[in-house]
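What follows is each chain in one-letter form.
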Amino acid sequence: MQNRIDGEALRLVMRHVPSPVTIVTVAGEDELRGITIGSFTSTSLRPPLISFNVSREARIHEVLTAADRFAVHVLADDQAPLSDHFATPDLTGAEQFQDVTYSVDEHGTPILSGALAVMLCARHAVYDAGDHSIMLGRVVELLDTDEDGFPLVYFDRAYRRVGKEAQPTLFDPVIDE
């Protein structure tokens with residue numbers, strides 16, 4: 001007998017998986033947009049590709065899937081308020097960037113200040129994935145942020161800091177005789 005898995009059951013299990021906290025920014029035809037993303041991952045080294053998922057219901061979805069370029073910001077562990085700000089779903093583009101320190105690159109893409117790392121990406125592909133789209137970006141430039149520190153992660157329904165390093169030990173199997 002097979003159990004049916006719904007989105008809430010999956011969400012409960014996924015709270016046990018730490019996620020990076022990133023903000024993706026993009027310039028649309030008439031507004032700048034940003035969104036907090038927890039599904040970010042490196043996808044390929046040759047060519048250098050990254051990926052993340054974005055809800056089809058997100059206000060940024062149409063702008064992001066149409067844009068040729070976007071930026072991915074890896075947040076520092078003191079940037080949880082910035083993450084919450086860009087996770088607020090009902091803000092306009094202007095409200096998202098009000099009181100936020102940023103610059104724009106030569107393509108008009110907003111670059112947030114204070115991130116640990118910033119990857120400028122060209123849209124490589126967009127794939128349908130249920131109620132989300134999978135965005136695949138080719139990293140075309142890495143910005144030197146001169147920031148030191150640790151990344152912000154999301155785990156068990158809360159922002160977390162990276163803890164002390166775990167030391168691997170030799171595996172000692174138990175053999176039943």
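Above this text sits the structure in question.
All of these numbers come straight from a predicted model, not from anything done at the bench.

Reading the values: rules and limits
Residues numbered from 1 in each chain as written. Predicted model: local features only at pLDDT ≥ 70, side-chain atom pairs only at ≥ 80, totals over all residues. Heavy atoms only, no water. Pairing = 2+ DSSP bridges. Helix = DSSP H or I, 4+ residues; strand = E, 2+ residues; numbered from the N terminus. Patch = residues over 30% accessible without salt bridge, like charges linked within 9 Å, V, L, I, M, F, W, Y side chains within 5 Å. Areas by Shrake-Rupley, 256 points an atom, 1.4 Å probe, with all protein chains shown as cover. Salt bridge = Lys/Arg side-chain N within 4 Å of Asp/Glu carboxyl O. Lys, Arg positive; Asp, Glu negative; His and termini not counted. Charge placed at Lys NZ, Arg CZ, Asp CG, Glu CD. Axes fitted to C-alpha atoms, helices over the stretch in contact; angles between N-to-C directions. Contact = heavy atoms within 4.5 Å. Phe/Tyr/Trp six-rings, centres within 6.5 Å; stacked < 30°, edge-to-face > 60°. Buried < 20%, exposed > 50% of the residue type's maximum accessible area, 1.4 Å probe, protein only.

**Student:** Is there a simple way to explain the pairing of strand β9 (residues 117-129) in this structure?
**Tutor:** Regular strands place their side chains on alternate faces of the sheet. In this sheet, β9 lies alongside strand β6 (residues 69-74) in antiparallel orientation, the contact comprising six bridges. Its bridge partner lying in β9, F70 is registered against C121. The sheet contact formed by β9 and strand β10 (residues 132-143) spans 11 bridges and is antiparallel. Within β10, the position partnered with V118 by the bridge is L143. Linking β9 back to β10 in an antiparallel pair, the connection comprises two residues, with G130 at a positive phi of about 65°.

**Student:** Would you explain a negative patch on the surface in this entry?
**Tutor:** Residues D78, D144, D146, E147 and D148 make up a contiguous surface patch of negative charge. Its place among the elements puts D144 in the loop between β10 and β11 (152-155).

**Student:** Quick question: what am I supposed to make of the sheet that holds strand β4 (residues 41-44) here?
**Tutor:** Hydrogen bonds between backbone atoms are what pair the strands of a sheet, whose relative direction is either parallel or antiparallel. Spatially, the seven strands line up as an open sheet ordered β3-β2-β6-β9-β10-β5-β4, and their pairing is antiparallel. In the strand order of this sheet, the two ends are held by β3 (32-37) and β4, each with one partner. Averaged over all adjacent pairs, the angle separating strand axes in this sheet is 35°, with direction ignored. In the packing of helix α3 (residues 80-87) onto the sheet, contacts are made with β2 (22-27) and β3, and the angle to β3 comes to roughly 115°.

**Student:** Help me out: how do you make sense of the packing of aromatic side chains in this one?
**Tutor:** Think of a pair of aromatic rings as described by two things: how far the centres are apart, and how the planes are tilted against each other in angle. Inspection of the entire model under this criterion finds four aromatic pairs. Pairing F52 with F70 gives two aromatic rings, centres 5.5 Å apart and planes at 85°, and the pair type is edge-to-face. Separated by 18 residues along the polypeptide, F52 in strand β5 (residues 49-55) and F70 in strand β6 bring together distant segments of the chain. Note on F52: relative accessible area 1%, which makes it buried. Consider the rings of Y154 and Y159, whose centres lie 5.6 Å apart with planes at 80°: the pair is edge-to-face.

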